[in-house]
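Remarks on the overall topology
So the chains spell out like this:
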Protein chains: 2
Amino acid sequence: MDGDTKTMTFLQEVVDILMAYIVESFDRETKVIDFHYPNELLQMNNWELQDEPATLDDILISCRATLKYAIKTAHPRYFNQLSTGLDMVGLAADWLTSTANTNMFTYEVAPVFVLLEYVSLKKMREIIGWQDGRGDGIFSPGGAISNMYAMLLARFKMFPEVKEKGMSSVPRLVAFTSEHSHFSIKKGAAALGIGTESVICIKVDESGKMIPADLERRIVEAKQKGFVPFFVSATAGTTVYGAFDPLIAISDVCKKYNVWMHVDGAWGGSLLMSRRHRWKLDGVDRANSVTWNPHKMMSVPLQCSALLVREEGLMQNCNQMHACYLFQQDKHYDLSYDTGDKALQCGRHVDIFKLWLMWRAKGTIGFEAQIDKCLELSEYLYNKIKDREGYEMVFDGKVCPHLTFTPHADNSSAARISPHYSFCTSCLAQVAPVIKARMMEYGTTMVSYQPQGDKVNFFRMVISNPAATFEDIDFLIEEIERLGQDL
Amino acid sequence: MDGDTKTMTFLQEVVDILMAYIVESFDRETKVIDFHYPNELLQMNNWELQDEPATLDDILISCRATLKYAIKTAHPRYFNQLSTGLDMVGLAADWLTSTANTNMFTYEVAPVFVLLEYVSLKKMREIIGWQDGRGDGIFSPGGAISNMYAMLLARFKMFPEVKEKGMSSVPRLVAFTSEHSHFSIKKGAAALGIGTESVICIKVDESGKMIPADLERRIVEAKQKGFVPFFVSATAGTTVYGAFDPLIAISDVCKKYNVWMHVDGAWGGSLLMSRRHRWKLDGVDRANSVTWNPHKMMSVPLQCSALLVREEGLMQNCNQMHACYLFQQDKHYDLSYDTGDKALQCGRHVDIFKLWLMWRAKGTIGFEAQIDKCLELSEYLYNKIKDREGYEMVFDGKVCPHLTFTPHADNSSAARISPHYSFCTSCLAQVAPVIKARMMEYGTTMVSYQPQGDKVNFFRMVISNPAATFEDIDFLIEEIERLGQDL
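These figures come from a predicted structure and were not determined experimentally. (Residues numbered from 1 in each chain as written. Chains lettered and ligands numbered in written order. Predicted model: local features only at pLDDT ≥ 70, side-chain atom pairs only at ≥ 80, totals over all residues. Heavy atoms only, no water.)

Attention shifts here to the sheet that holds strand β3 (residues 173-178) of chain B. Residue and element names in this part refer to chain B. Pairing in this open sheet of seven strands is mixed, and the strands run β2-β8-β7-β6-β5-β3-β4 from one edge to the other. Looking along the sheet, the strands with just one partner apiece sit at the ends: β2 (136-140) and β4 (199-202). Mean inter-strand twist for the sheet, computed between neighbouring axes without regard to direction, equals 20 degrees. As paired strands, strand β7 (residues 289-292) and strand β8 (residues 305-309) are joined by four bridges and run antiparallel to one another. Its bridge partner being in β8, Thr291 is matched across the sheet by Leu307. Most of the contacts of helix α6 (residues 143-158) go to strand β5 (residues 228-235), to which it runs at about 150 degrees, and overall it touches β2, β3, β5, β6 (260-265), β7 and β8. (Pairing = 2+ DSSP bridges. Helix = DSSP H or I, 4+ residues; strand = E, 2+ residues; numbered from the N terminus. Axes fitted to C-alpha atoms, helices over the stretch in contact; angles between N-to-C directions. Contact = heavy atoms within 4.5 Å.)

Here is the structure:
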């Protein structure tokens, strides 16, 4: 049919554009970003929505323009986020997912994807160390939501009446997490009606790990005030330092005071795939719930975040509302595969196929090798800058494939970004932002920066991009020095 | 490079598989579904995850197997959900989105997509009728989450201290929605610590519309008990009947008692695109927030759900946590484009490009024509079965492109599904499930059924698939009669 041929030709033309973009993204000679300020970018194309249709040729032009100004997140020199890189099998799987265009709520409309989610969650629970992979779980739209699920489950487990009667029926609940934990713990507490003031931040040691003794002290203190400790979120791979909280010691405290133990392994959970590095999460099997985002260190395309739960049936009891138009109890197949009623969402995007197909293609050992390589590159960077003139490690650890470093983070001394120039303390905070702005304007590389506590702006170098090599690490350091030379 | 060539060849092979699947999906000679029971499907392929990698050929086989057992949601005879069909421009946009593989939280990593979200939300607010398209909004992972955002905002607007201090700092809050509203309102209330018992269900009239007088009565009653009414969710297009609550009358009540008015237009919001049908949402411009899912009647690929908010800045104040590693205040560009801190999520999938590119391709008038056609098909079906022997309309309305009908839903009388056989009342409830099971086994079509209140199982026929024609409607009725003939 003519219509069909035209449609397929159009789709193939888009594919050709995408393939050219992919090839370009992996090419070190191209820019990571062709940066323009928002107002400028708004002018550079006609982005407005119109009453009249455009031609298919116009649509192809729009596709090209969109990609021209996009960030090449697959570029071997893109280190800006915890999620970087582009896996071709993962991409193919995502294209298939879009084509299948269905919804995870029932087996009826997503039979294969529901089974693959079942198989994959079970495998992940086995890797966590829960017996026979038993338990529960769900793929959710990101780590923040996975963490919110965990908090919701912990509250429901302790006070199931909260579902019907709300927070006014329960005593004042308090949650605990380290001062370096992800902001989603507080965000979740705000949303769930617990309140951010009921999230107690536990001190970290000099390497960014939660101090279990401080956790215990704060739990006791809370109980003395008549509050009810219900949730501890330990972090496996903190966002800024990449630190791993001591899970065994934390689990002892949780057990002693009968508090739900959650492990936010959104970033570091993937180390469970590596025999060499999984010791950093020793004790994770004692957790009641674990967040683990394969879209970070495992490079699964965005989004792919799992919440794993030790207790079976709890999610269903906590969230189910028995919608009669979706979860009819008189269907002709095994209804335990209609998993939608345990979700907060109604419709749920298919996030599983990317992970499943990549796992199939690499095998567990392929993921392991990929993760080990990230750690190796990180160690290479560590060795390169630890004694380099003009740099200081903000956090002297090598547990995660990310490093934080700065032009001398010691606030009491002058500091230098390159071997050539020195700074007074007050200017130090501006070094990273200026270099970052120049990186974006030149478009050569991208790396993140931030302050933390009393430490002024420093770079956070994250290595999760499977395309990155030792040479790219060298390039990053050279580029920082080149861009900071006149400072 | 060899690696590149191999990769591109693989991707192209996947594309060829996907294109063949698309062509097949639109072909009425193919089955909508090749159904297998869960245990059977688990045996039909090796879905387990292995330690060792598979070859690229194996991966292609896995892709084919996945599609073989998938539901063809694009099939012109797939009427099972509110989201059906597959738009080729939308699909191309989703493939591009996957390839760009980035995150909506900052302008820094998603400059174009952030701008397109800005442009599209503004346009949607203009269509709602808010002056100059002013206001706020976000694309969220589905209507349930959009509705939850609305409830969260309403609570924060009335009691901003709830963010820090939790629900224990506020009086007992109560929300109101019709007894036919979507289950996500209760789910949201449970999650937010409000409790399902604080969601008061307002009566509907015989056509499924909320009765404003009952709403007012229940608000007064709640106030008399010392509760604080904070949120009314009116539904524009209920899930089962497709009814539109009377928004103007509801807005009068909300104004009188100073209660946040939300419109859940997840399904019916798209009628705003049609000059002929938008009167059904008259009064929507008086709402404080509106949920509108372009992934339903506008056939944008899953997921694409917008929450539109009248008040600017509220979302940011409600949800922001100032994460220093993402939302640095010393960046070199206009930070109002870093929209991530107003979200509940941290990472957020790019859902905007599908909608934007489809809008570009169709123009507003293209979406209008598509929606008008759904309504036309629905009217055709209505006329076809309203006087047909053996059928009864459960809800005799034609406002939404979906109809509910049944083999005589009158519980007091015998009923017939086809002109040939009659049933006693007790068997009636089993008619729809049996026919549905047969539909799935034959794979010829799919349509949903459910009970509602005192009405036993009836069919809910939804028309949102742009590929459906008058002949497909005829086919559905013939198929129901064929499959029910021996009952």
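Turning next to the environment of Val112 of chain B. Within the secondary structure, Val112 of chain B is located in helix α5 (residues 111-128). Here Val112 of chain B falls in the buried class, since its relative accessible area comes to 3%. A sequence separation of 251 residues divides Val112 of chain B from Gly363 of chain B, and the C-alpha atoms of the two residues are 20 Å apart. Not counting residues up to four positions away in its chain, the partners in contact with Val112 of chain B are Leu41, Trp47, Thr66, Tyr69 and Ala70 of chain A. (Buried < 20%, exposed > 50% of the residue type's maximum accessible area, 1.4 Å probe, protein only.)

This next bit is on the sheet that holds strand β3 (residues 173-178) of chain A. All names here are of chain A. Taken together, the seven strands give an open sheet; going across it, the order is β2-β8-β7-β6-β5-β3-β4, and neighbouring strands pair in mixed fashion. Only two strands of the sheet have a single partner each, and these edge strands are β2 (136-140) and β4 (199-202). Taking each pair of neighbouring strands and ignoring which way they run, the sheet shows an average axis angle of 20 degrees. As paired elements, strand β5 (residues 228-235) and strand β6 (residues 260-265) share five bridges and run parallel to each other. Looking across to β6, one finds that Ala234 is bridged to Val263. Contacts from helix α5 (residues 111-128) reach β2, β7 (289-292) and β8 (305-309) within the one sheet, and its direction differs from that of β8 by about 65 degrees.

What follows concerns the interface of chain A and chain B. Each partner contributes to the interface: chain A provides 145 residues, whereas chain B provides 145 residues. Overall, the association of chain A and chain B removes approximately 12,900 Å² of surface from exposure, summing both partners, and the carbon and sulfur fraction of that is 66%. Our count for the chain A to chain B interface comes out at six salt bridges. Between Lys165 of chain B and Glu197 of chain A there is a salt bridge, with the nearest N and O atoms lying 3.0 Å from each other. At the boundary of chain A and chain B, one finds 66 residue pairs in polar contact (both at pLDDT 80 or more). Counting residues per element, the side of chain A that touches chain B draws most heavily on helix α1 (residues 2-25) of chain A, which supplies 12 residues. Per-class residue counts for the side of chain A that touches chain B are 84 nonpolar, 38 polar and 23 charged. (Buried area = accessible area lost by both parts, 1.4 Å probe. Salt bridge = Lys/Arg side-chain N within 4 Å of Asp/Glu carboxyl O. Polar contact = N/O pair within 3.5 Å; in protein donor to acceptor, adjacent residues only side chain to side chain. Nonpolar A, V, L, I, M, F, W, Y, C, P; charged D, E, K, R; others polar.)

Residues in a regular strand project their side chains so that they alternate between the two faces of the sheet. All names here are of chain A. Burial of strand β12 (residues 455-462) is extensive: six of the eight residues sit out of reach of the surface. Pairing between strand β11 (residues 446-452) and β12: four bridges, direction antiparallel. What sits directly across from Tyr449, in β12, is Phe459. Between β11 and β12, which pair antiparallel in sequence order, lie two residues; one of them, Gly453, sits at a positive phi of approximately 55 degrees.

What follows concerns the packing of aromatic side chains. All names here are of chain A. Under the definition given, this model contains 27 aromatic pairs over all chains. Here the aromatic rings of Phe113 and Phe353 are separated by 5.7 Å at their centres, their planes lie at 70 degrees, and the arrangement is edge-to-face. Separated by 240 residues along the polypeptide, Phe113 in helix α5 and Phe353 in helix α12 (residues 352-386) bring together distant segments of the chain. On the basis of relative accessible area, Phe113 is assigned to the buried category, the value being 2%. (Phe/Tyr/Trp six-rings, centres within 6.5 Å; stacked < 30°, edge-to-face > 60°.)

Once that is clear, we can look at the side chain of His262 of chain B. Its location among the elements puts His262 of chain B in strand β6. Excluding residues within four positions of it along the chain, His262 of chain B makes contact with Asn147, Ala150, Phe231, Val232, Ser233, Ala234, Ser289, Val290, Thr291 and Leu307 of chain B.

Looking now at the relation of the copies chain A and chain B. The transformation that overlays chain A on chain B combines an axial shift of 0.0 Å with a rotation of 180 degrees, and the residual RMSD is 0.0 Å. Look at the turn and shift together and you get a two-fold axis relating the two. Among all residues of chain A, the minimum C-alpha distance to the rotation axis is found for Leu192 of chain A, at 2.0 Å. (Least-squares fit on C-alpha atoms with pLDDT ≥ 70 in both.)

So, on to helix α10 (residues 247-257) of chain B. All names here are of chain B. Listing the buried residues of α10 in full gives Leu247, Ile250, Ser251, Val253, Cys254 and Tyr257. Mapping the buried residues of α10 onto a view down its axis gives an arc of 160 degrees, with all of them on the same face. In α10, the exposed residues that point more than 90 degrees away from the buried face are Lys255 and Lys256. Turning to α10, the residues buried within the fold contact α9 (212-224), β5 and β6. Among the residues trailing α10, Asn258 stands out with phi positive, at a value near 55 degrees. (Arc of directions from axis to C-beta.)

Inspection of the entire model under this criterion finds 55 salt bridges over all chains. Between Lys331 of chain A and Asp338 of chain A there is a salt bridge, with its nearest N and O atoms 2.7 Å apart. On the accessibility criterion, Asp338 of chain A (6% relative accessible area) is buried. The partner of Glu221 of chain B in a salt bridge is Arg218 of chain B, and the shortest N-O contact between them spans 3.3 Å. One end of the pair, Glu221 of chain B, and the other, Arg218 of chain B, are both in helix α9, three residues apart, so they sit about a helical turn from each other. Of the residues examined, Glu221 of chain B reaches a relative accessible area of 26% and is grouped as partly exposed. Through salt bridges with shared partners, a single ionic network connects Glu108, Lys331 and Asp338 of chain A together with Lys436 of chain B.

Residues and elements named next belong to chain A. Sequence positions flagged by UniProt for "modified residue: N6-(pyridoxal phosphate)lysine" (unreviewed entry) are, in local numbering, Lys296. Mapped onto the elements of the fold, Lys296 is located in the loop between β7 and β8. Once residues within four sequence positions are removed from consideration, Lys296 is found in contact with Leu82, Ser83, Ala266, Trp267 and Ser464. (UniProt positions renumbered as here; feature names shortened; annotations may be inferred.)

Turning to the pairing of β7 of chain A, a few remarks are in order. Residue and element names in this part refer to chain A. Because side chains alternate across β7, one face comprises the buried residues Ser289 and Thr291, and the other comprises Val290 and Trp292, equally buried. As defined by bridge partners, β6 adjoins β7 across four bridges and the pair is classed as parallel. Within β7, the residue paired with Asp264 across the bridge is Thr291.

Here we take up the side chain of Lys342 of chain B. Residues and elements named next belong to chain B. With respect to the secondary-structure elements, Lys342 resides in the loop between α11 (314-319) and α12 (352-386). A distance of 2.6 Å separates the side chain of Lys342 from the side chain of Asp136, its partner in a polar contact. Setting aside its immediate chain neighbours within four residues, Lys342 contacts Asp136, Gly137, Ile138, Tyr149, Met315, Gln316 and Asn319.

The next subject is the packing of α12 of chain A against helix α14 (residues 470-484) of chain A. Residues and elements named next belong to chain A. Relative orientation of the contacting elements α12 and α14 amounts to 40 degrees, with a least axis distance of 10 Å. Comparing their axes, α14 and α12 come out oblique. Both α12 and α14 take part in a crossing whose hand is right-handed. Counted together, Glu376, Leu377, Tyr380, Leu381, Lys384 and Ile385 of α12 and Phe470, Ile473, Asp474 and Ile477 of α14 form the full contact between these two elements. (Parallel < 35°, antiparallel > 145°, perpendicular 65-115°, else oblique. Left-handed = near helix turned anticlockwise from the far one by under 90°.)

Moving on to helix α3 (residues 56-68) of chain B. Under the 1.5 Å per step criterion, the end-to-end length of α3 of chain B is 18 Å for 13 residues, consistent within 8% with the ideal 18 Å. Of all the positions in α3 of chain B, only Ile59, Leu60, Ser62, Cys63, Ala65, Thr66 and Leu67 of chain B are classed as buried. (Expected span 1.5 Å × (residues − 1).)

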